[in-house]
Amino acid sequence: MLSEELRWLLGFSSILALVWSWIQFEKAIHSDYPSNYGRGRSIRLGIIADVQYADKDDKDAGPNRVYHFRDAIHKLNRTLKWLSEANIRALVNLGDLIDGNTTTNQTEIEFELAMQAFKSSSLSPIHVVGNHCLELGRNQLISRLYGDVSASTFGEHSLGEGWVLLRLDTTDFGVSGSPEYHQLAREWLKSNEHKDNCYAWNSTCGPKQMDWLRTRCAELRKSGKRAIVVGHHPISAAASSASHISWDAFDLAGLFREYSDVIRLYLSGHYHPGGYSFEDKVHHVTIESVLEGPVGHNCFGILEIFENVILITGHGSVQTRTLKL
């Protein structure tokens, strides 16, 4: 049996944890920001990446890294509850809600549990397609994420105040991507074995999507609007690793450079440790994964747009970053 002293310590620790959580909640709602941030803060978004829930045992992923598969769903539920109570209206999911399991049936069950978490919250989700979620099957995934199997996996979301969010599908041109590109993707892998990112877990945007992105950037420039672009795969090795970037990272980086007056930030997941770089006037932020976050803790970011900066306030293992505009 536990001693009275031990019971007291455990109770006191629980109270401290509740107080700390409330302090963080109050700061998220009422924090005062430096005057040099300028006007703004009407645009607020939650951000998560790589939940990768699965009914599997924890797995060692390298030095100081562990995949906490089962705990991931609890982190997701806590995050959605926290963000809803903090009056965040939308959440960007940067892909890989599930990891995929040994059977199709189990994978479907795990995906439904993850989607149920969103249904139970007041948040409007903006889902990005990730490579692990394709274990569900591309058609079924599109139908569940976007409501219709014929829905586009890339698109645009108005944020207001002269800002838009452009959502990419960096799994489009891949071995599990759009069927029209399967053969070309397999050929790409065979002919690019010398490249650091030549892995089937990587992929890229298809030609149609690239045309759409270039057209939208040109239109946004004419209208004087600015954009945050989101996709699952990073395009900057400096903000991730050379083995995890999109297949056509060079081409995407060139388009970003051409429209750096429009595209101010690229958000991605995929590389679990996360990272940051500033290249050709564009911020690249890779969000740390929910999967590898400490057990029992939240793991998400809150993005706020001010006149002079974009602020990402990290919770758990997600880093806080101030990005000058």
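Residues numbered from 1 in each chain as written. Predicted model: local features only at pLDDT ≥ 70, side-chain atom pairs only at ≥ 80, totals over all residues. Heavy atoms only, no water.

1. Things to note about the sheet that holds strand β11 (residues 282-286)
Let me state the cut-off plainly: Only strands that DSSP links by at least two bridges are regarded as paired with each other. Segments assigned H or I by DSSP are reported as helices when at least four residues long, segments assigned E as strands when at least two residues long, and all are numbered from the N terminus. Only the stretch in contact is used when fitting a helix axis, every axis being a line fitted to C-alpha atoms; angles between N-to-C directions are given from 0 to 180 degrees.
Taken together, the six strands give an open sheet; going across it, the order is β6-β7-β8-β9-β11-β10, and neighbouring strands pair in mixed fashion. Each having just a single partner strand, β6 (155-160) and β10 (275-279) make up the two edges of the open sheet. Going across the sheet, the axis of each strand differs from the next one's by a mean of 20°, ignoring polarity.

2. Comments concerning the layout of surface pockets
Spelled out, the test is: The method works on a 1 Å grid over the protein atoms by themselves. A cavity is a set of points holding a 1.4 Å probe that cannot get out, a pocket is an open set with protein on both sides within 12 Å along at least five of seven lines, and residues with an atom within 4 Å of a point line them. Grid points are joined across faces, edges and corners, and a volume is the space filled by probe spheres set on the points. Each residue receives one of three labels: charged for Asp, Glu, Lys and Arg, nonpolar for Ala, Val, Leu, Ile, Met, Phe, Trp, Tyr, Cys and Pro, and polar for the others, Gly being one of them.
Considering only enclosed or pocket space, the second largest pocket measures out at about 410 Å³ in volume. Each residue belonging to the lining of the second largest pocket can be placed in one class, and the counts come to eight nonpolar, 12 polar and five charged.

3. Topic: the pattern of salt bridges
What counts, and what does not: The salt bridge definition used is simple: a Lys or Arg side-chain nitrogen within 4 Å of an Asp or Glu carboxyl oxygen. Partly exposed describes any residue whose relative accessible area lies between the buried limit of under 20% and the exposed limit of over 50%, with all areas from a 1.4 Å probe on protein chains only and scaled to the type maximum.
For the structure shown, the criterion picks out 16 salt bridges. R44 is paired through a salt bridge with E304; the nearest N and O atoms lie 3.3 Å apart. Separated by 260 residues along the polypeptide, R44 in strand β1 (residues 40-48) and E304 in strand β12 (residues 300-306) bring together distant segments of the chain. Across the pair, exposure class does not vary: R44 and E304 are buried alike. Residue R138 is joined to D169 by a salt bridge in which the shortest nitrogen-to-oxygen separation is 2.6 Å. With R138 in helix α4 (residues 138-146) and D169 in the loop between β7 (163-167) and α5 (182-191), the pair connects residues that are 31 residues apart, well separated along the chain. Residue R138 is classed as buried on the basis of its relative accessible area of 11%. A residue is classified by how much of its surface remains accessible, and D169, at 0% relative accessible area, is buried. Linked through salt bridges whose partners overlap, the residues forming this network are D55, D57 and R70.

4. Remarks on the pairing of strand β5 (residues 124-127)
Inclusion rule: The definition of a right-handed crossover adopted here requires that, viewed with the strands pointing away, the path from the first strand over the helix to the second runs clockwise.
With four bridges joining them, strand β4 (residues 90-93) and β5 adopt parallel strand pairing. Counterpart to L91 in the pairing with β5 is P125. Taking the sense of rotation as the criterion, the β-α-β connection linking β4, helix α3 (residues 104-119) and β5 turns out right-handed.

5. Here we look at the confidence of the model for the chain
Low pLDDT means the predicted atomic positions in that stretch should not be read closely. The following threshold applies: Along the chain, pLDDT gives the predictor's confidence residue by residue, from 0 to 100. Whether two residues touch is decided by their heavy atoms; if any such pair falls within 4.5 Å, the residues are in contact.
On average, residues of the chain score 90 in pLDDT, and 87% of them are at 70 or above. Low pLDDT (under 50) marks residues 22-31, which in the prediction has 13 contacts with non-local residues, meaning those over four places away or in another chain.

6. Considering the packing of aromatic side chains
The criterion, for reference: For Phe, Tyr and Trp, rings pair up if their centres lie within 6.5 Å, where Trp contributes its six-membered ring, and each pair is then called stacked (planes under 30 degrees apart), edge-to-face (over 60) or tilted (otherwise).
What the rule picks out here adds up to eight aromatic pairs. Ring centres 5.3 Å apart and planes at 50° place the aromatic pair W82 and F300 in the tilted group. In this pair, W82 is assigned in helix α2 (residues 71-85) and F300 in strand β12, connecting sequence segments 218 residues apart. An identical accessibility class is assigned to W82 and F300; each is buried. For the pair Y199 and W201, a centre-to-centre distance of 4.2 Å together with 5° between the ring planes defines the contact as stacked.

7. Considerations on α4
For clarity, the threshold we go by: As used here, the arc belongs to the directions running from the helix axis to the C-beta atoms.
Those residues of α4 lying buried are R138, L141, I142 and L145. Around the axis of α4, the buried residues are gathered within 95° of arc, so they sit on the same side. Buried residues along α4 sit in contact with α3 and β5. Just downstream of α4 lies G147, where phi reads positive at about 90°.

8. Things to note about the pairing of strand β8 (residues 226-230)
Burial within β8 is extensive, with four of its five residues counted as buried. Alignment of β7 against β8, held across five bridges, turns out to be parallel. By the bridge assignment, W163 is partnered in β8 with R226. Pairing of β8 with strand β9 (residues 263-268) involves four bridges; the strand directions are parallel. The residue bridging V230 from the neighbouring strand is L267, located in β9. For the segment spanning β8, helix α7 (residues 249-258) and β9, crossover handedness is right-handed.

9. Things to note about the packing of α2 against α3
Under the convention used in this document: Geometric relationships in this document are graded by angle, where less than 35 degrees denotes roughly parallel, more than 145 denotes roughly antiparallel, 65 to 115 denotes roughly perpendicular, and other angles denote oblique.
For the pair α2 and α3, the least separation of the axes is 9 Å and the interaxial angle reads 10°. Between α2 and α3, the crossing angle belongs to the class labelled roughly parallel. Of the residues in α3, those touching α2 at I73, L76, N77 and L80 are L113, A114, A117 and F118. A breakdown of the residues in the contact of α2 with α3 according to their chemical character gives seven nonpolar, one polar and no charged.

10. With respect to the side chain of Q52
Mapped onto the elements of the fold, Q52 is located in the loop between β1 and β2 (59-62). Note on Q52: relative accessible area 2%, which makes it buried. When residues no more than four places from it in sequence are discounted, the contact partners of Q52 are F69, D96, L97, I98, D99, H132, H272 and L291.

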